[in-house]
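# Close look at the chain arrangement
Each chain is listed here by its residues.
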Amino acid sequence: MANPRGFMTVKRSGNTCRRVEERVQDFREIEIQLSDDARQLQASRCMECSVPFCHWACPVANIMPEWQQRLAEGDWRAAYDLLQDTNNFPEFTGRLCPALCEASCVLSINGEAVTIRENELAIIERAFREGYVKPRPPAQRTGKKVAVIGSGPAGLACADTLNRAGHTVVLYEAAGAVGGFLRFGVPDFKLDKSIIDRRVAILQEEGLIVKTGVRVGTDISSEEIRSTFDAVCITTGARKPRDLLIEGRELDGIHQAVEYLEQQNRIVAGDAPAGEDRISAARKHVVVIGGGDTGSDCIGTAIRQGARSVTQLEILPAPPRTRPDTLPWPLWPKVYKTTSSHEEGCERLFGASTRRFTGESGGIRRLCVVRVDWDTDENGRYRMAERPGSEFDLEADLVILALGFEHTVHEGLVHDLGVQLSARGDVAVDGRHMTSVAGIFAAGDAAQGASLVVRAIFEGRAAARDIDAYLRGT
Amino acid sequence: MSETAIEEHRPETAHFPEPQGLYDPAHEHGSCGIGFVANIRGERTHEIVQRGLEVLERMAHRGAESADNCTGDGAGLLMQIPHEFYKQDVPALPKPGQYGTGLVFLPRKDSEGAYCAEEFEDVVDEEGLRVLAWRAVAVDDSAIGEIARASEPAMRQVFIVGKAPLSRDALERKLYVVRKVIEDRIRRSALQQARLFYLPSLSTRTVVYKGMLTSMQLRRYFADLQDKRVTSAIALVHSRFSTNTFPSWDLAQPFRIIAHNGEINTIKGNRFWMHASESSFASPLFGDDIKKLLPIIEPGKSDSASFDNALELLVAAGRSLPHAIMMLIPESFNQLNPIPDDLKYFYEYHSAFMEPWDGPASMVFCDGRFVGGTLDRNGLRPSRYVVTKDGLVVMASEVGVQTFPPEQIEYKGRLMPGKLLLVDTEERRIIPDREIKERVSQRRPYREWVEKNRIRMADIPLKNPAPVGVPNGQLHELELMFGYNREDIERILIPMATSGREPVSSMGTDTPLAVFSDRPQRLFNYFKQVFAQVTNPAIDPLREELVMTLTGYIGTEGNLLAETPENCAMIQFKRPIFTNSDVEKIKDLEHEDFKTATLQMTFPLSEGPAGLERALSRLCEDAESKVHEGYSFLILSDRGADAENVPIPSLLACSSVHHHLVRVQKRTKIALIIKTAEAREVMHFALLFGYGASVVNPYGALAVVHDLLKKGRLPGVANAIEAEENYIEAVHKGLLKILSKLGISTLRSYHGAQAFEAIGLSKEVVDRYFTGTDSRIGGIGLEQIAQEALMQHRKAFGDRPALLESEGVYQYRKYGERHAWNPETISLLQWAVRSNDPKKYREFAGLVNRQNQAPHVIRGLLDFRPQTPVPIEEVEPVEAIFKRLTTGAMSFGSISKEAHETIAAAMNTIGGRSNTGEGGEDPERFAPRPDGTSARSAIKQVASGRFGVTSNYLVNADEIQIKIAQGAKPGEGGQLPGHKVDHVIARTRYATPGVSLISPPPHHDIYSIEDLAQLIFDLKNVNWDACISVKLVSETGVGTIAAGVAKAHADKIVICGYDGGTGASPQSSIKHAGLPFELGIAETHQTLVLNGLRGRVRLQTDGQLKTGRDVVLAGILGAEEFGFGTAALIALGCVMMRKCHLNTCPMGVATQDPELRKHFAGKPEHLIRYFTFLAEEVREIMAQLGIRRFDDLVGRTDLLVQRKVDHWKARTVDLSSLLYRPERSRSSAIRCIEPQNHAINSVLDRALIDRAGPALKYRDQVSTNLPITNADRAVGAMLSGRVSRLYGESGLPDDTIQCTFHGSAGQSFGAFLAKGITFRLLGDANDYFGKGLSGGRLIAMPPEGSTFKAEENIIVGNTVLYGATSGEAFIRGVAGERFCVRNSGAHAVIEGTGDHCAEYMTGGRIIVLGKVGRNFAAGMSGGIAYVLNVDGNFTYFCNCAMVELSPVLDQDDQEFIKAWLRKHVAYTGSPVAGAVLARWHEYLPKFIRVLPLEYKRVLHERKLAEIDRQLAAIREEAQLGASY
């Protein structure tokens, strides 16, 4: 080991963020990385556990103990080699992952976890800087053709893995640019879109064929896809947002978060929508309904757009500040989390349920909110009860619904291909990612329901391996 | 056991049972008491015979009895032919020397007996001889035990003469031929009782009387022996203590020439090599008769018998008896041994073609003229002798077996390691070792022969240096093809290539057995190392380097029976791991005798799995034809493996060719050089050598190391040569460690010795390719082996991953090898015990049980047979289950104080038992704590380091556990580095803070089973209330060892699985030594039941037990109690970091770091909850099985059934031998039902305690006088136990109890002697004098009237003051080997010592006023020795690795010596000490101070601290003064 006592002698020290006053002025990434030397020191805190719970908790099974050691030794190249072996896109997860690994880090039992996510990000960024990340086209082509439909993290990972295995892969994207939710769902202050472009360029140099602006089922028929390709993988994500169908929902000024975030991302990308379609929080009282990460992204976006106030509503009670006994280490703890967007100024209300929207002249003006209390029934299931007399109104000029997603969009492609759906509305797959139609596979949120970027990458990789086996007939 | 039981199961001829279940008679071990009495002048008297018998009888405690308490393991006597006596019965006898005679054991069945006699006469006739007469041998079978009687042969004696006159030697040779021919003929006959036929001896010179008797029975059984007309000048005797519970008449000793106390560890190899060389035998003395002698080694006999066979051949073919002995048991002759050069050349000459028969041995031998004894190079068996002024010599395992008046004694001596004692009754004198060896070594110009013919590897010029790496770009492919993974690189090759050492790890292995793994396994992984326990000590290859060697020879061996210069025309290598250039050297040799052929170890991919068998057959045939073509070196290489050619597992190729060539008797003609990329870790090399490789060239591993260097992955390594050297050095060190674990000293005898067992390989594969290897549960065949090879090959040429895999064998990997302890199991168990949630426990247990069934462990393949359940309320309560639970032996030192005390408190609360581990226990813990709980460990361990083992420690135990071996590292010692020895640890271990503590690999008082019996006896004397348990590790044959342990009167035997945890151990030991507990416990249970010993002993097992189901399964296999180590730690917070050895456990469990210890979050209730959940689970299963009391399921294998599984490898496993129930379990006990008889009721201490009454009650001074004999053992132990119980650690005031003894004291005189007791011994003493001395004072001196010089004669035996913690010893005379081994506090004065004096000493001081043996101060980390350097050559004898030698300049040292010499004079009247004191200034310069460097530093620091303290005081005073 580089330093068996590193965890005792080095204190955790993480990336910082740009000052709030400064960063809310723009949409550039807010995280400031540690110096490489400091980063190596941080890596030396890794204890190289014999049972690495971080690795176990990581959906892509990054082998942290190995690359942390190499990082601590200063061998960035080797660390990169190890990292990229399990994760196609550390530059995405390094920015966006909630880091299940850190919650499972053995150091976190008695102290502070290793800065695993940040170390990962540091490795991949240095790898790009040093030119370690180079196109490595496959030595041989198998002659098999695969269509991957949808270029979110699952589709990218699937396409990349299959391409490396030597298959000819066409990645279809209905939008004008690759990335799916990464590009249109994640604000630039968390993920600068050039990061995606940088990767896609490499994939293309490796021989991946990317077709953007092509909606399969519309621009190219499902039949053609099926007949042209030896296998197809559906990675269209779970883009159907959950709605809040209560009184007043039809009022202007109530928008789904995806819509809101996508628009802002387009603006940053210089692809601004026409004037009246534009959703802006400028000088408005903004209410974000939904306490998740997407909600948080909406807050940061609204603040940057110049909102007068931002309030976030969450129907569940505020989570505990520390790990509850019911979720002991190494499980992922649901604890109270303050994101960078929260720091930028917003009010958060927990146990708050929206009863109805009221408006003026067709536009939203007010939410009627009621306090709710939670307990559990005899089976341990959560039960909600409104608190009598606790209603209050909340002023709002703009309401963003960030309530999560239901499932993938059924219309069009999914319907055309004739694949069966699960009870939850996801594309149904077997243990090898194959749908009810032979040769058609599905992966990522489309098959599993909405989840983390890192899970999507894992899914894409796993599906690619299954497709590869299918194509090899093994 | 009842009489009826024996009647019912008395087979027609009781003998060894056939192999059944897991029992196999091939694993029997023996050890013994031996000795001889001889009249040096050759005068034959009946008195000699009587004395011989008496010698035996006085060592009765060294033999053993079987379950009937009456049948002995065997006793016998060899003497000169009593011609006058026989003449009376056979008047026709010609003169002595013109006839041969011997007893004949015949089948009892009349027809068969007659048939044998007729056949015998035919053979005699065919060989030109004539049976002169048959004589009835009068025997009294009322004297013997039931078991012995059941297998008693008919006993007759034969007299044979030549048809024509023959010289004595010619007749002797013919008799030898006759015996070999008739033995072979009867063996091949279809007789039912063929095995009863046996010839104890057939000679013109000597006759052997022996049988399955106790020492006491021999005299009565053979009426001849009592006849006064029976005379001899020599009586050589033997009594046997066998782990062997089914001794048989023919295995009693002496054999034809020898009697042996010891064990030949390399016996498999020795037998193979003897067989392999038979085809080259030629001897002018025998001519064509030589073929009739084959096979030389009688099949189905003991190791000692095989040795006798080999020795007999060498002697018959013309070598003298001493010469032959020196060939088979050579002393160590490396540069650390002070022997003449000629002798070194003699040994070197013979070592080129004869490997040592290696193992602990005290051997006595006699050919009618010469009688003598020798010890093996390690000298681990005691052998003492006395020579009287009237020409008698008595040699025996003990002193005191004959009593002589003091003035009669000429001198007293002991056999020394590797030395001979030889009496020539014709020359009428004792020929000193030096003289006889000089004579033998100068018989031929060995030096010239060697210098001329032997070629040293180092001297061969290198013409074509071979590249180390492989061509660019091919390395990755090579790595993939041979299955290298990232762990191989990171955890094996990098540490080896940087440090030159094998990597160390901690905790136990928890991956599936190879046969259960889903991943392709290297064939190496289907083997486990076997190791020494109890019957046989392991060696310390570091501190006793002088006996170890890896030197070997390659070339063509000649005729073993001839002495020609060409016999040593071989290439000598010092290092068996060859570099690529070494191989080139051999290939390029321009020498007509040395030609090299190369064969490919690959099979064609195109042929698929079936291609493997064909390729192996081809390989064997080709190898054989290469021998015919005259090649002397055969390289088996996998260098040619590529996309079309799949590598054959190198071990399979090597062993196949080796065994094929042994079978066709060509093996000794050619050397096998294995050139493989596959071998990388130490275990791989050990296997290759064990299965016949002469040398190994690991070109693949070397290429990887080279590549690592280029990539900068070898920090601190300067260049390629250094990297290669480091790696090879690490392999060599690892090999020495593996050899030494089995008590083997030389690679030459390890070579082909197959010191392994297979697990998960089919009988067909083993019988054909690994002939003679044990494989107990069946397993995969050649097809699956081929499949695994193909899977690996596909990785390289199909998948071609860019990075090597992270295999996950050493560390958990999500998609790697499975681990029983993984994130799910660890966190579920912790969740369950912290939240006290039975549901979570059930989740945990369910997960574990499912994992086990994957399958993962053997018990995972076992299901319960459905039974009629009983209501759970009727099942005994959890409290009854708790009593069966113990926690593992984890020392305070390996785990933190907090963890250790938490475990103890938890176990005491529930009525289970915790274990101190090796490392003592703070006496503060003996008393209950203020809150009523107790942190006293109920089990006190006694391990090889004896840390903190005092009389007081022992009396505070409910159970005393002798740790023979540890699952994670059987056969190895340990070391607690000085920096970890803080004040608290030092206090509990009776050590010095900052001074390293080394645990030797063996207990230095257990070299044999009778030694273990002695230690059990010692401990039982100290604390008769405590249960004495013996901890063994599962391996094949552990059942027979356990039977021996049961006969040694252990109350309990613990069988540990190989997967138990450790605080630090070489990685290869953790993974590759020992077997899972299921096999060990089942074999032990079956073997004990088979021989009726099961009822006397409780069985415990451990090894990754986790759930109630595990406990019930283990119980059904035979265990009554259960140990939990890893699981207990995990319940208390361990997360399997495997960082114990680094002291960085972040959970505060296995660390001494004060900061980290704060993190310890375990509470007694966690453990209590775990065991409560587990006990409830046990009860639930019991209810399902219809069992109310746990006792009722022990051994009930009928409750189990093997589950059918679909796994491609696991389905080949067959557990029927595991589930076997011996027939005898219907009538005999199948669990412990009665206590052992410890025979401590009539020990001498009872009298001592009586006489010491006033001292014990009122602390009044008492003194007493008593006679003592060698049968009085452990004198003082019981008295000391009493003192400690009454007065605790502080004991009594000095000299409160004073005892004087007259005579020869038995073993363990003054053991654990407590403070306040003074023992004076006028006479001499055996081994283990002052063992564990706990504050008492011991004085030994020759009795009045002795005329010999005390300072030149031995007075106390081996291993004196072993593990002494405090006290004093004054010994006027010389001690044996290992004086003051592991002494940590006693002060002693002695007048001369044997080898290894002050070994592993950590404290105390000794003064040696005379000569010392080799290896003084090896492993000495503390204490001081002052040696009077009489001959001025002390430096040569001192092992200076850890110590500094200096003159005694310091005034304190000088004062100490003077003061203690004055005491020595006062107590013993020593003239030596008197002279030194009288001329102090003359002697002072001759004293050398031996001071361990570590200790010096500590002393220095102490001095500095003292100066600081004084300075501070001065300053304080000055300040005070100033303020006035």
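Along each chain, residue indices are assigned from 1 in the same order as the chain's sequence is written. The naming scheme follows written order: chains are lettered A onward, ligands numbered 1 onward. Per-residue local features of the predicted model are confined to residues with pLDDT of at least 70, and side-chain atom pairs are confined, for both listing and counting, to 80 or more; whole-chain, interface and lining totals are unaffected and use all residues. Values reported for side chains reflect all heavy atoms of the structure, with hydrogen atoms and water molecules removed beforehand.

Scanning chain A from terminus to terminus reveals 20 helices and 18 strands. Relative to the globule expectation of 23 Å for 474 residues, the C-alpha radius of gyration of chain A, 23 Å, shows essentially globular dimensions. Projected onto the principal axes, the alpha-carbon positions of chain A cover approximately 70 × 60 × 50 Å. Only protein chains enter the accessibility calculation, which uses a 1.4 Å probe. A residue is then buried if its area is under 20% of the maximum for its type, exposed if over 50%, and partly exposed in between. The buried share of chain A, reckoned over its 474 residues, is 55%. Residues count as neighbours in contact if any of their non-hydrogen atoms are within 4.5 Å of one another. Across chain A, every contact between residues at least 6 apart in sequence was considered, and the portion connecting residues at least 24 apart equals 68%. Accessible areas in this description were obtained via Shrake-Rupley with a 1.4 Å probe; residue shielding takes into account the shown protein chains only. Approximately 19,700 Å² of chain A is accessible, and the part contributed by carbon and sulfur atoms is 48%. One way to put it: in chain A the 58 positive side-chain charges average out to a point 3 Å from where the 66 negative ones average out. Labels follow the DSSP assignment, with helices taken as runs of H or I lasting at least four residues and strands as runs of E lasting at least two, numbered in each case from the N terminus. What the globule rule says is 2.2 Å times the number of residues to the power 0.38, and the radius of gyration is computed from C-alpha atoms. Note that His is not counted, nor are the chain ends; the positive residues are Lys and Arg, and the negative ones are Asp and Glu. Charged groups are reduced to one reference atom each: NZ for lysine, CZ for arginine, CG for aspartic acid, CD for glutamic acid.

This brings us to the sheet that holds strand S47 (residues 1366-1371) of chain B. All names here are of chain B. Only strands that DSSP links by at least two bridges are regarded as paired with each other. The strand order across the open sheet built from ten strands is S42-S43-S44-S45-S47-S49-S50-S51-S53-S52, with neighbouring strands paired in mixed fashion. Each having just a single partner strand, strand S42 (1262-1268) and strand S52 (1443-1447) make up the two edges of the open sheet. Direction aside, neighbouring strands of the sheet carry axes that sit 15° apart on average. Of the pairings in the sheet, the one linking S47 to strand S49 (residues 1384-1390) comprises three bridges and is parallel in character. Residue pairing across strands places Glu-1368 opposite His-1387, the latter belonging to S49. Helix axes use the C-alpha atoms of the stretch in contact, all axes being lines fitted to C-alpha atoms, and the angles between their N-to-C directions lie in the range 0 to 180 degrees. The strands that helix H40 (residues 1244-1251) touches are S42, strand S43 (1297-1305) and strand S44 (1317-1325); relative to S42, the one it contacts most, it runs at about 160°.

What follows covers the environment of Phe797(B). All names here are of chain B. With respect to the helices, strands and loops of the structure, Phe-797 is situated in helix H25 (residues 782-799). Along the chain, Phe-797 and Asp-642 lie 155 residues apart, while their C-alpha atoms are 8.7 Å from each other. Sequence-distant contacts of Phe-797, that is, excluding residues within four places in its chain, are made with Glu-477, Met-481, Asp-642 and Ala-643.

Each reported salt bridge corresponds to a side-chain nitrogen of Lys or Arg within 4 Å of a carboxyl oxygen of Asp or Glu. A full pass over the atoms with the stated rule returns 155 salt bridges over all chains. The residue Arg1337(B) makes a salt bridge to Asp1294(B) at a minimum N-O spacing of 3.0 Å. Taken together, the residues span a long stretch of sequence, with Arg1337(B) in strand S45 (residues 1334-1341) and Asp1294(B) in the loop between helix H42 (1277-1287) and S43 at a distance of 43 residues. We classify Arg1337(B) as buried; its relative accessible area is 6%. Look at Asp1294(B) and you get partly exposed, because its relative accessible area is 45%. Among the ionic contacts, a cluster of salt bridges with common partners joins Arg70(A), Glu73(A), Asp75(A), Glu490(B) and Arg713(B).

Residues and elements named next belong to chain B. Mapped onto the secondary structure, Gln-20 falls in the loop between helix H1 (3-8) and strand S1 (30-39). There is a polar contact of 2.4 Å between the side chain of Gln-20 and the side chain of Tyr-1220. Filtering out sequence-adjacent residues up to four positions away, Gln-20 remains in contact with Gln-1086, Leu-1090 and Tyr-1220. Polar contact is the term for a pair of N or O atoms within 3.5 Å; when the atoms are in protein, one must be able to donate a hydrogen and the other to accept it, and sequence-neighboring residues count only if both atoms are side-chain atoms.

Right, let's talk about the domain arrangement of chain A for a bit. Residue and element names in this part refer to chain A. Residue ranges labeled as domains rest on an automatic or database domain assignment. Domain boundaries assigned for chain A yield domain 1 (6-130), domain 2 (145-239 + 406-472) and domain 3 (243-403). Inter-centroid distance (C-alpha atoms) of domain 2 to domain 3 is 30 Å. Counting residues at the interface gives eleven residues for domain 2 and eleven residues for domain 3. The term buried area refers to how much accessible surface (probe radius 1.4 Å) is lost by two components on association, counted for both of them together. Buried surface at the junction of domain 2 and domain 3, both sides included, amounts to about 1,000 Å², of which 53% is carbon and sulfur. On inspection of domain 2 and its partner domain 3, the count reaches one salt bridge. We note a salt bridge from Lys-190 to Asp-297, for which the minimum N-O separation is 2.9 Å. Run the count over domain 2 and domain 3 and you get five residue pairs in polar contact (both at pLDDT 80 or more). A per-element tally of the side of domain 2 that touches domain 3 places helix H12 (residues 181-184) first, with three residues. Throughout this entry, Asp, Glu, Lys and Arg are counted as charged residues, while Ala, Val, Leu, Ile, Met, Phe, Trp, Tyr, Cys and Pro are counted as nonpolar. The remaining residues, Gly among them, count as polar. In the side of domain 2 that touches domain 3, the residues fall into five nonpolar, one polar and five charged.

Time to look at the interface of chain B and chain A. Facing 34 residues of chain B, the contacting portion of chain A comprises 36 residues. Counting the surface lost from both chain B and chain A, the interface buries some 2,900 Å², and carbon and sulfur atoms represent 61% of this. Looking only at chain B, the three residues that lose the most surface to chain A are Leu803(B), Lys814(B) and Trp831(B), adding up to 19% of its buried area. The tally of links from chain B across to chain A stands at four salt bridges.

A separate point is helix H10 (residues 303-316) of chain B. All names here are of chain B. What a helix is expected to span follows from its residue count: subtract one and scale by 1.5 Å. The end-to-end C-alpha distance of H10 is 20 Å, a good match for the 20 Å that 14 residues give at a rise of 1.5 Å each. Burial within H10 is extensive, with 13 of its 14 residues counted as buried. Directly beyond the C-terminal end of H10, a positive phi value near 120° is found at Gly-318.

This part is about the packing of helix H26 (residues 823-835) of chain B against helix H27 (residues 838-852) of chain B. Residue and element names in this part refer to chain B. The N-to-C vectors of H26 and H27 enclose an angle of 155°; their axes lie 8 Å apart at closest approach. Compared by their axis directions, H26 and H27 come out roughly antiparallel. The interaxial crossing formed by H26 with H27 has left-handed handedness. Seen from H26, the contacting residues are Glu-824, Thr-825, Leu-828, Leu-829, Trp-831 and Ala-832; seen from H27, they are Lys-840, Tyr-841, Glu-843, Phe-844, Leu-847, Val-848 and Gln-851. Considered class by class, the residues forming the contact of H26 with H27 number eight nonpolar, two polar and three charged. Under this scheme an angle from 65 to 115 degrees is roughly perpendicular, one under 35 degrees roughly parallel, and one over 145 degrees roughly antiparallel; angles in between are oblique. Throughout, a crossing is termed right-handed when the near helix is turned clockwise from the far one, and left-handed when it is turned anticlockwise from it by less than a right angle.

Here we come to the packing of helix H6 (residues 76-86) of chain A against helix H10 (residues 116-130) of chain A. All names here are of chain A. Between H6 and H10, the least distance of the axes is 9 Å, while the angle of their chain directions is 110°. Taken together, H6 and H10 sit at an angle that is classed as roughly perpendicular. Between H6 and H10, the residues in contact are Trp-76, Ala-79, Tyr-80 and Leu-83 and Glu-120, Ala-122, Ile-123, Ile-124, Arg-126 and Ala-127, respectively.

Next up on the list: the nonpolar core. Side chains of a nonpolar character, in soluble globular proteins, are inclined to be buried together. Counting 381 residues, the largest nonpolar core has Phe527(B), Tyr1170(B) and Phe1416(B) as its most contacted members. For this core, the element with the most residues is helix H39 (residues 1164-1185) of chain B, which contributes eleven residues. Both of domain 1 (6-130) and domain 2 (145-239 + 406-472) of chain A provide at least three residues apiece to this core. Core analysis: the second largest hydrophobic core is formed by 128 residues, Ile48(B), Leu218(B), Ile290(B) and Met354(B) among them. Buried Ala, Val, Leu, Ile, Met, Phe, Trp, Tyr and Cys residues that are joined via side-chain atoms within 4.5 Å together make up what is termed a nonpolar core.

What follows deals with a nonpolar patch on the surface. Only residues whose relative accessible area exceeds 30% and that form no salt bridge are eligible for patches; like-charged ones are grouped when within 9 Å, while nonpolar side chains (Val, Leu, Ile, Met, Phe, Trp, Tyr) are grouped when within 5 Å. On the surface, Leu1504(B), Ile1507(B), Leu1511(B) and Ile1514(B) cluster together into a nonpolar patch covering about 340 Å² of accessible area. By secondary structure assignment, the location of Leu1504(B) is in helix H47 (residues 1493-1523).

All names here are of chain B. Note that Arg-149 resides in helix H5 (residues 146-150). Given a relative accessible area of 26%, Arg-149 falls into the partly exposed group. In sequence terms Arg-149 and His-61 are 88 residues apart; their C-alpha atoms lie 22 Å from each other. At a separation of 3.1 Å, a polar atom in the side chain of Arg-149 contacts the main-chain carbonyl oxygen of Ile-144.

So, on to the pairing of strand S6 (residues 206-211) of chain B. Residue and element names in this part refer to chain B. Counting buried positions along S6 yields six of six residues, so the element is predominantly enclosed. Burial along S6 is two-sided: Thr-206, Val-208 and Lys-210 and Val-207, Tyr-209 and Gly-211, pointing in opposite directions, are all buried. As paired elements, strand S2 (residues 75-80) and S6 share six bridges and run antiparallel to each other. Along S6, the bridge assignment pairs Leu-78 with Val-208.

We now examine the confidence of the model for chain B. Residue and element names in this part refer to chain B. Each residue gets a pLDDT score, which is the predictor's confidence in that residue and runs from 0 to 100. Mean pLDDT over chain B works out to 93, with 98% of the residues at or above the 70 mark. Confidence drops under a pLDDT of 50 for residues 1-14, and excluding neighbours within four residues, the segment shows 26 contacts in the predicted structure. In the model output, the complex is listed with pTM 0.95 alongside ipTM 0.95.

Let's shift gears to helix H45 (residues 1471-1478) of chain B. All names here are of chain B. Within the sequence span of H45, burial applies to Val-1472, Ala-1473 and Val-1476. All buried residues of H45 fall inside an arc of 95° around its axis, so they share one side. Looking at the packing, one finds that the buried side of H45 touches strand S51 (1422-1428), helix H44 (1451-1468), helix H46 (1480-1483) and strand S53 (1487-1492). Between the side-chain oxygen of the N-cap and the backbone nitrogen of Val-1472 there are 3.3 Å, and the N-cap of H45 in question is Ser-1470. Taken from the helix axis, the directions to the C-beta atoms give the arc we talk about.

Think of it this way: a Phe, Tyr or Trp ring, Trp meaning its six-membered ring, pairs with another when their centres are within 6.5 Å, and the plane angle makes it stacked under 30 degrees, edge-to-face over 60, tilted otherwise. Applying the stated criterion across every chain yields a total of 54 aromatic pairs over all chains. A ring pair is formed by Phe1124(B) and Tyr1170(B), whose centres lie 6.2 Å apart and whose planes are at 90°; its orientation type is edge-to-face. Linking Phe1124(B) in strand S40 (residues 1121-1124) with Tyr1170(B) in helix H39, this pair joins segments that are 46 residues apart in sequence. You'll find Phe1124(B) and Tyr1170(B) in the same group, each marked buried. An aromatic cluster is present here, built from Phe333(B), Phe346(B), Tyr347(B), Tyr349(B), Phe353(B), Tyr446(B) and Trp449(B) joined pairwise through their rings. A positively charged side chain is recorded as over a ring if its NZ (Lys) or CZ (Arg) lies within 6 Å of the ring centre. The angle to the ring normal must also be within 35 degrees. In this arrangement the basic side chain of Arg198(A) is found over the ring face of Phe128(A), its NZ or CZ atom lying 3.6 Å from the centre. Sitting over the ring of Tyr336(A), Arg321(A) keeps its end group 3.8 Å from the ring centre.

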